[in-house]
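# Descriptive analysis of the structure
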Amino acid sequence: MHKVFGLTHLRAFGCSKSIADITLDQLVSTFSSDPSLTAFAQLCCNPSWNSRYGIAFHEFCLQVLFECVSKDRPTLLQIYLSIYSTIESMAEQGTGGAGNSGDSISLLSLKLALAYGESLLAKILTSSSGGIMHTTFLGTVKKRVEEILSSSSPNIQKNLLDYIKFGRWPCDDSQASTHLSWYLQWNGVPSVYELRRAEEKMKALGMTSSVPFLHLLFPRTNATALAEINRCADP
């Protein structure tokens, strides 16, 4: 999550003073008049702040700062930091930490950002000024979320089976409940009501469970999740 912009030369954009004694915040203010970027540059050079969050996060912040200044888009700062904090909170909660119970809702925002990036790569969307967010960063976000989901809950298949077959939620385990909601939202799993209607349609057509047919009914659902739904629907 830290080296996400494909930048390999950030030393010139670091906090150490050059021969001319130009600091990072002075360098930023030379190219941008936005006070939030200047203030963030000053924060990046604060020794106590750096020691608290570590060198990896510090490097990430420098890359974000470079991206915002070079593209003259100061509003990107809040977006990048918000996405980063969401991912880190999910990772903490996925390993049993406190985390933030609102992260499952934030997944929808992450999916929207990823859909935007994929549309740019597929040239469905075009922009003369380039994409709003760096596609390398978005690709890293997708990979990291999938890693968290795959390792967060060892009982996800059992909980998914209970959800699909019986509409049952793991209410006795708040962490398992959160992990299931992550899985459902990230993979676009339909509601139990929609799954029941799909099952009725297949029975009316004399069909057994079929992944291709499920894909026609639920084109936005991840293929792996459709395979799980198909497996759970089998008698």
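Please refer to the structure placed before this passage.
This one's a predicted model, so the numbers in the text were calculated from it and none came from an experiment.

## Considerations on the pattern of salt bridges
What the rule picks out here adds up to 7 salt bridges. One salt bridge connects Arg 144 with Glu 147, and the closest N-O pair in it is separated by 3.5 Å. Within this pair, Arg 144 and its partner Glu 147 are both found in helix 6 (residues 135-152), separated by 3 residues, close to a single helical turn. Across the pair Asp 162 and Lys 158 runs a salt bridge whose closest N-O atoms are separated by 3.3 Å. Within this pair, Asp 162 and its partner Lys 158 are both found in helix 7 (residues 156-166), separated by 4 residues, close to a single helical turn. Its relative accessible area of 13% is what places Asp 162 among the buried residues. What emerges from the salt-bridge pattern is a single network uniting Lys 158, Asp 162 and Arg 168.

## A look at the environment of Glu 146
Relative to the assigned elements, Glu 146 resides in helix 6. Under the relative-accessibility criterion, Glu 146 is labelled partly exposed at 37%. Between the C-alpha atoms of Glu 146 and Tyr 183, which are 37 residues apart in sequence, the distance is 9.4 Å.

Parameters and conventions
Residues numbered from 1 in each chain as written. Predicted model: local features only at pLDDT ≥ 70, side-chain atom pairs only at ≥ 80, totals over all residues. Heavy atoms only, no water. Salt bridge = Lys/Arg side-chain N within 4 Å of Asp/Glu carboxyl O. Helix = DSSP H or I, 4+ residues; strand = E, 2+ residues; numbered from the N terminus. Buried < 20%, exposed > 50% of the residue type's maximum accessible area, 1.4 Å probe, protein only.

By themselves, these are just geometric observations and shouldn't be taken as functional.
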